[in-house]
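Tertiary structure, described
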Amino acid sequence: MSCCMMIMYDSDYVINLPFCFSTFLQNNGTISWKVIQDLYRKRTEMRGLYLAKLTLEHVELTSFSKMKVRLAAQVLSQTVANALPEAESVTKEFVLMFDKFFDVLNVRHIGEGGMKRKPNMAPYRSVDDPRLQWLTVDFINYLNDWEKAVMARPNYTKAQKNKMLLTQETLIGLKRSALAFSSAVEFLLQQGVEKMYVLTEKFNQDPLESLFGNMRQMRGGSDQPNTQQFNESINAARLKSSQMLKNFGSNTRNRPEEQTIDNTPLPKKKKVSFSK
């Protein structure tokens with residue numbers, strides 16, 4: 001079997017890249033964060049519309065809340081897109097694009113797509129899956145067309161045009177992730193995994209993040225431990241046990257299937273009788 005290396009970003013962090021946008025311009029309209037804020041303020045007037053997950057925390061962001069994957073996934077969702085007025089079709093298309101992008105990169109288990117009625121969250125079983133083509137063609141073309149349209153605008157400086165787009169780092173990260181995830185799924189399916197399925201949510205860096213999170217906590221929340229401190233912390237963790245490294249918090253997810261619980265009764269001590 002030939003080996004290959006694919007560089008990709010964790011899907012949880014990729015969805016945070018386009019989150020908390022301000023105002024972007026496209027050829028046919030404007031993508032505005034103010035539209036999302038207005039939707040939250042008018043939610044009480046829209047009876048019968050399910051927007052329970054859209055709260056003040058989602059629209060009034062802080063430097064800390066901008067890092068929360070949960071908020072990004074709930075704002076850039078089909079529920080929010082369906083609630084947007086027809087006049088905001090460009091913002092609606094933007095939200096739907098990234099909702100699908102997150103879904104196809106975040107397939108968690110075989111039944112989730114059916115339970116949530118979202119086919120994009122079904123497991124991958126074939127190299128001909130249309131979601132793979134959507135990632136490498138439709139999604140990347142959407143980003144490229146947007147970038148070309150902005151760069152072709154006359155009477156704007158380069159700095160002004162850059163403000164009409166996602167940052168170059170974000171665009172590169174999104175495109176690279178789309179290509180890498182698609183290639184990884186195709187590679188696994190071509191190697192015989194088609195007899196089963198591929199869950200793209202498994203492509204993540206949670207174990208690595210948990211490790212370094214524990215190392216920081218052992219040093220009193222230090223964000224900049226030196227080499228000696230890190231070596232001392234990792235040696236202490238090895239001595240205590242590998243279970244210590246399974247710390248779920250921040251942006252990492254709890255994965256109960258990875259935790260084995262043994263219900264075997266402990267051996268009992270034999271009673272000792274004393275003869276009189």
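If you're wondering where the values come from, they're calculated on a predicted model, not measured in any experiment. (Residues numbered from 1 in each chain as written. Predicted model: local features only at pLDDT ≥ 70, side-chain atom pairs only at ≥ 80, totals over all residues. Heavy atoms only, no water.)

Looking at the environment of Leu189
Inclusion rule: Working definition: helices are DSSP H or I runs of at least four residues, strands are E runs of at least two. Numbering for both runs from the N terminus.
Along the polypeptide, Leu189 turns up in helix α10 (residues 168–190). When the C-alpha atoms of Leu189 and Arg125 are compared, they prove to be 7.1 Å apart, with 64 residues separating the residues in sequence.

Let's talk about helix α6 (residues 89–104)
Stated formally: How far a helix is expected to stretch is found by multiplying one less than its residue total by 1.5 Å. Each residue is assigned to one of three classes by its accessible area relative to the maximum for its type, calculated with a 1.4 Å probe on protein chains only: buried under 20%, partly exposed between the two thresholds, exposed over 50%.
Here α6 spans 22 Å end to end across 16 residues, near enough to the 22 Å set by a 1.5 Å rise per residue. Along α6, 12 of the 16 residues are buried, which leaves the element largely enclosed by surrounding structure. Taken as a whole, α6 has its buried residues at Val90, Thr91, Lys92, Phe94, Val95, Met97, Phe98, Asp99, Phe101, Phe102, Asp103 and Val104.

Points about the pattern of salt bridges
Here is the rule we go by: A pair is scored as a salt bridge if a Lys or Arg side-chain nitrogen falls within 4 Å of a carboxyl oxygen belonging to Asp or Glu.
For the structure shown, the criterion picks out 12 salt bridges. Here Arg41 ties to Asp38 by a salt bridge, and the two come within 3.5 Å at their closest N and O atoms. Separated by three residues within a single helix, Arg41 and Asp38 lie in helix α2 (residues 33–41), roughly one turn from each other. Its relative accessible area of 47% is what places Arg41 among the partly exposed residues. Within the structure, one salt-bridge network assembled from shared partners comprises Lys34, Asp38, Arg41 and Glu60.

A few points about a nonpolar patch on the surface
Definition in use: Two distance rules govern patches: like charges are joined within 9 Å, and nonpolar side chains (Val, Leu, Ile, Met, Phe, Trp, Tyr) within 5 Å, applied only to residues with over 30% relative accessible area and no salt bridge. Per-residue and other accessible areas were derived by the Shrake-Rupley procedure at a 1.4 Å probe size, with only the shown protein chains allowed to occlude residues.
On the surface, Ile110, Met196 and Tyr197 cluster together into a nonpolar patch covering about 300 Å² of accessible area. Mapped onto the fold, Ile110 is located in the loop between α6 and α7 (112–115). Judged by relative accessible area, which is 49%, Ile110 ranks as partly exposed.

Remarks on the packing of helix α11 (residues 206–217) against helix α12 (residues 227–240)
What counts is decided by this rule: Axis definition: a line fit to C-alpha positions, over the contact stretch in the case of helices; interaxial angles, taken between N-to-C directions, run 0 to 180 degrees. For classification purposes, angles smaller than 35 degrees are called roughly parallel, those larger than 145 roughly antiparallel, those between 65 and 115 roughly perpendicular, and all remaining angles oblique. By definition, residues are in contact when any of their heavy atoms lie within 4.5 Å. Following the grouping adopted for this structure description, the nonpolar residues are Ala, Val, Leu, Ile, Met, Phe, Trp, Tyr, Cys and Pro, the charged ones are Asp, Glu, Lys and Arg, and the polar ones are all others, Gly among them.
Relative to each other, α11 and α12 sit at 110°, their axes nearing to 9 Å. Looking at the two axes, α11 sits roughly perpendicular to α12. Packed against α11, whose contacting residues are Leu211, Phe212 and Met215, the element α12 presents Phe230, Ser233, Ile234 and Ala237 at the interface. Of the residues in the contact of α11 with α12, the class split is six nonpolar, one polar and no charged.

Side note on the side chain of Ser182
With respect to the helices and strands, Ser182 occurs in helix α10. Judged by relative accessible area, which is 2%, Ser182 ranks as buried. Once residues lying within four places of it in the same chain are set aside, the contact partners of Ser182 are Leu132, Leu135 and Thr136.

A look at α11
In this model α11 runs 16 Å from its N-terminal to its C-terminal C-alpha over 12 residues, within 8% of the 16 Å that 1.5 Å per residue would give. Three or more residues of α11 are buried, namely Asp206, Glu209, Ser210, Leu211, Gly213, Asn214 and Met215. Of the surrounding elements, those touching the buried residues of α11 are α1 (11–14) and α12.

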